[in-house]
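# Coordinates in review
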There are 2 protein chains.
Amino acid sequence: MRTYKLTVAYDGTGYQGWQRQANTDRTIQGILEHAVSEEMGFSVEVNGSGRTDAGVHASGQTASIVLPGMVDAESFVRRINGRIPADIRILGAELVRNGFHARKSAVGKVYEYRIDTGERPDVFERRYCYHFPEKLDLEAMREAACLLKGTHEFAGYTDKKDEKSTKRTIYDIMISGQGSRVNIKYEGTGFLYHMVRILTGTLLETGTHQRTPGSAGKALESKDRAAAGFLAPACGLFLREVRYD
Amino acid sequence: MRTYKLTVAYDGTGYQGWQRQANTDRTIQGILEHAVSEEMGFSVEVNGSGRTDAGVHASGQTASIVLPGMVDAESFVRRINGRIPADIRILGAELVRNGFHARKSAVGKVYEYRIDTGERPDVFERRYCYHFPEKLDLEAMREAACLLKGTHEFAGYTDKKDEKSTKRTIYDIMISGQGSRVNIKYEGTGFLYHMVRILTGTLLETGTHQRTPGSAGKALESKDRAAAGFLAPACGLFLREVRYD
C-alpha cells in the first residue's frame, strides 16, 4: 500500500464543486475518481483536503489516494491528465507516509478572493473575479479584518448549522489593491462552510461604508449569521494552498 | 452627422472573428452592429480597425460609427453593453472628427502573443495563451526578431495571396520571459493576414533551434510562405492597441 498526495488546479466555472454527487458527473472529485479508477483498473477513492463549492476555483487543492503499490509519479500524472478535461490539471503527485490523509492531515489553508472594482468588468477576468464596481475603503476593510483575525467561534460566519465545532483560527487576512483589482488573502487553520465568502461579503460592506469595521467583530460575538455580511459569489474565490507539517 | 470611435475588448474564444458573416451570428462586428442598430432604431455600420481571426482576442480593438446626431457617450456605452454578451465590452466611446475611419485613419497597431511554456498548461490561462511546453532560447529569438524589424515586403509572412501591397513596417518586436510565460509584443504600421501568427511560429521555431535566426530573414527575402514558420494558434494572440495621429 502506498499513499500519494496529489496537487490539483481547476477552473471551477463549469463544475458543481469538488464533492462527488450521485446526480451529476460535473464534480472535480467525481471526474478524478473516474479517471484514476479507469487508469488503474480498479476503484480508487480520491480524498480532497475539503470541499470547494460550485464555481469555486483552486490552484493548489490537495487530495490523497491509496494505491496497492508504487507508481512512477511523473508518468501517472501525465496519464491521468490525459483522461480529464483541460480545465482540471493534476500538478504533481508525491509519495507520502502511509496514514496521510489530505483533509485530516492538513494544518492550514490559504484562500484568495479576487475583486474587480472597475466600472466595466474585465472580459478576460470575468470568470475569475467578482465584479463589484464600487470604490472600496481598504483601510476600513483592514480594520475589520484585524477584528476577525485570531481564534474565534465563527458561528456567525457560516451557513451550516450543524458543524461540530465552529472554532477556527485565522492567522492573517491580507488586503491588497492595485488599479481596479482588490485581492483578499486568508490564511488559517481551516474554514467553515461559506466562511471565506461571508467574511468577504462582510469586508466589502465595510469597504463601501454600509457597515462599520466594529460591526464585523460584533457579528462574531453574536454568533448570528444575520449580523454578518452577504455571501460573496463563488467565481472570485480560489483555494491557493493546503498546508501540512 | 457625428462620428464616434469605440474602443472594444473581447474574449475571442467563442467567436468566428471580427468580421460579420452571413452564415453565423458569432462574430464581434455582427453582434455590435445588431446591438447598436437595435438601440438606435435604424441600421448602423460598425467599422473595425481591421479583422481579427476566429479565436483571436482584443483588449483595445477600435471601431468607428456614424450617427445622425450627438449621443451621451457614457450612457450610450452602458446601453450597448447591456445588449451584448459579457465576453464583449465596449470600453469607451469618443466623439471624433467627421471623416475619421477606424481602419483608414489608423497609423499603427500593437499585438501581443502570449505563450505558456510550462509542462502542464495553466488551467486559468488556457484560453489566453498558446501552450508550447518547450525551453525557448530567447536570445536566438531576439536575433531573428532584429532581422524582421523595419520596412519589408512581408509576402513570405502572410497566407493571403492577393494583398495589394505586402509592404509593412515593424517598429519593434519585444520578447520577454518570466517564469514559464513568454510574451512577444509587435508594434507596426499594420499587419497582413496571419502575419503576427506566422512571425510568432517562426520565432518559436528559432527558439527551439529548429531553424537559425538567419533563416527568418531569408524567408523575408525569398517572399516564400513555405520558408517561414508555422501558423501559431489564434488563442495566444491579443490586439492590444490601435494608434491614430
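Rules and cut-offs
- Residues numbered from 1 in each chain as written.
- Chains lettered and ligands numbered in written order.
- Predicted model: local features only at pLDDT ≥ 70, side-chain atom pairs only at ≥ 80, totals over all residues.
- Heavy atoms only, no water.
- Helix = DSSP H or I, 4+ residues; strand = E, 2+ residues; numbered from the N terminus.
- Rg over C-alpha atoms; globule rule 2.2 N^0.38 Å.
- Buried < 20%, exposed > 50% of the residue type's maximum accessible area, 1.4 Å probe, protein only.
- Contact = heavy atoms within 4.5 Å.
- Areas by Shrake-Rupley, 256 points an atom, 1.4 Å probe, with all protein chains shown as cover.
- Lys, Arg positive; Asp, Glu negative; His and termini not counted.
- Charge placed at Lys NZ, Arg CZ, Asp CG, Glu CD.
- Phe/Tyr/Trp six-rings, centres within 6.5 Å; stacked < 30°, edge-to-face > 60°.
- Buried area = accessible area lost by both parts, 1.4 Å probe.
- Salt bridge = Lys/Arg side-chain N within 4 Å of Asp/Glu carboxyl O.
- Polar contact = N/O pair within 3.5 Å; in protein donor to acceptor, adjacent residues only side chain to side chain.
- pLDDT = per-residue confidence, 0-100.
- Domains from an automatic or database assignment.
- Nonpolar A, V, L, I, M, F, W, Y, C, P; charged D, E, K, R; others polar.
- Least-squares fit on C-alpha atoms with pLDDT ≥ 70 in both.
- Axes fitted to C-alpha atoms, helices over the stretch in contact; angles between N-to-C directions.
- Parallel < 35°, antiparallel > 145°, perpendicular 65-115°, else oblique.
- Left-handed = near helix turned anticlockwise from the far one by under 90°.

### Topic: the overall build of chain A
Scanning chain A from terminus to terminus reveals five helices and 10 strands. Here the C-alpha atoms of chain A give a radius of gyration of 19 Å, agreeing with the 18 Å that 2.2 N^0.38 yields for 245 residues. The dimensions of chain A, computed from C-alpha atoms along their principal axes, are 55 × 40 × 35 Å. Here chain A holds 245 residues, and 54% of them are scored as buried. Partitioning the contacts of chain A with sequence separation of at least 6, the portion at a separation of at least 24 is 71%. When the accessible area of chain A is evaluated, it comes to approximately 10,900 Å², of which 47% is carbon and sulfur surface. One way to put it: in chain A the 34 positive side-chain charges average out to a point 3 Å from where the 31 negative ones average out.

### Quick word on the packing of aromatic side chains
Residues and elements named next belong to chain B. Across all of its chains, the model carries 22 aromatic pairs over all chains by this definition. Consider the rings of Phe132 and Phe230, whose centres lie 6.4 Å apart with planes at 20°: the pair is stacked. In this pair, Phe132 sits in the loop between β6 (130–131) and α3 (138–148) while Phe230 sits in the loop between α5 (213–222) and β10 (237–244), placing the two residues 98 residues apart along the sequence. Residue Phe132 is classed as buried on the basis of its relative accessible area, which comes to 11%. By the ring-pair criterion, three or more aromatic residues cluster together here, those being Tyr113, Tyr130, Phe132 and Phe230.

### Considerations on the interface of chain B and chain A
Between chain B and chain A, the residue contacts involve 24 residues of the former and 24 residues of the latter. Together, Arg120(B), Val123(B) and Phe124(B) form the three largest contributors to the area buried by chain B at its contact with chain A, with a combined 38%. Applying the counting rule to chain B against chain A returns six salt bridges. The interface formed by chain B and chain A contains six residue pairs in polar contact (both at pLDDT 80 or more).

### Quick notes on the confidence of the model for chain A
For chain A, per-residue confidence averages 96 on the pLDDT scale, and 100% of positions sit at 70 or higher. Here the predicted complex carries an ipTM of 0.85, next to a pTM of 0.90.

### Here's the deal with the domain arrangement of chain A
Residue and element names in this part refer to chain A. Taken domain by domain, chain A comprises domain 1 (2–96) and domain 2 (107–244). The straight-line distance from the C-alpha centre of domain 1 to that of domain 2 is 27 Å. With 17 residues of domain 1 in contact, the opposing surface of domain 2 contributes 16 residues. Of the roughly 1,200 Å² buried between domain 1 and domain 2, counting both surfaces, carbon and sulfur atoms make up 48%. Among the salt bridges present, the one from Arg197 reaches Asp53, with a minimum N-O distance of 2.9 Å. At the boundary of domain 1 with domain 2, the tally comes to 11 residue pairs in polar contact (both at pLDDT 80 or more). Partitioning the side of domain 1 that touches domain 2 into residue classes produces three nonpolar, 10 polar and four charged.

### A word on the relation of the copies chain B and chain A
Superposing the two chain copies requires a rotation about an axis and a translation along that axis. Under the fitted operation, chain B is carried onto chain A by 0.0 Å of movement along the axis and a turn of 180°, and the coordinates agree to an RMSD of 0.0 Å. When the rotation and shift are considered jointly, the pair of chain copies conforms to a two-fold rotation axis.

### Describing the packing of α3(B) against α5(B)
Residue and element names in this part refer to chain B. Across the interface, α3 lies against α5 with an axial gap of 7 Å and an inter-helix angle of 25°. One finds that α3 runs roughly parallel with respect to α5. Between α3 and α5 the crossing geometry is right-handed. Listed contacts from α5 to Ala140, Glu143, Ala144, Leu147 and Leu148 of α3 are Pro213, Gly214, Ala216, Gly217 and Leu220. When the residues that make up the contact of α3 with α5 are grouped by side-chain class, the tally is seven nonpolar, two polar and one charged.

### Some thoughts on the packing of α3(B) against helix α4 (residues 195–207) of chain B
The relative placement of two packed helices comes down to the angle between their axes together with the axis-to-axis distance. All names here are of chain B. Packing of α3 against α4 leaves a shortest axis separation of 8 Å and a crossing angle of 140°. Here α3 is positioned oblique relative to α4, judged by the angle of their axes. Judged by the twist between their axes, the crossing of α3 over α4 is right-handed. Each of Ala140, Met141, Ala144, Ala145 and Leu148 in α3 lies in contact with α4, whose residues at this interface are Leu199, Leu203, Leu204, Thr206 and Gly207.

### As for the environment of Ala228(B)
Residue and element names in this part refer to chain B. Its place among the elements puts Ala228 in the loop between α5 and β10. Taking relative accessible area as the criterion, Ala228 reaches 8% and is therefore assigned buried. Linking Ala228 and Thr27, residues 201 residues apart in sequence, is a C-alpha distance of 29 Å. If we ignore the near neighbours within four places in the chain, the residues touching Ala228 are Gly156, Tyr157, Ile198, Thr202, Arg211 and Ala219.

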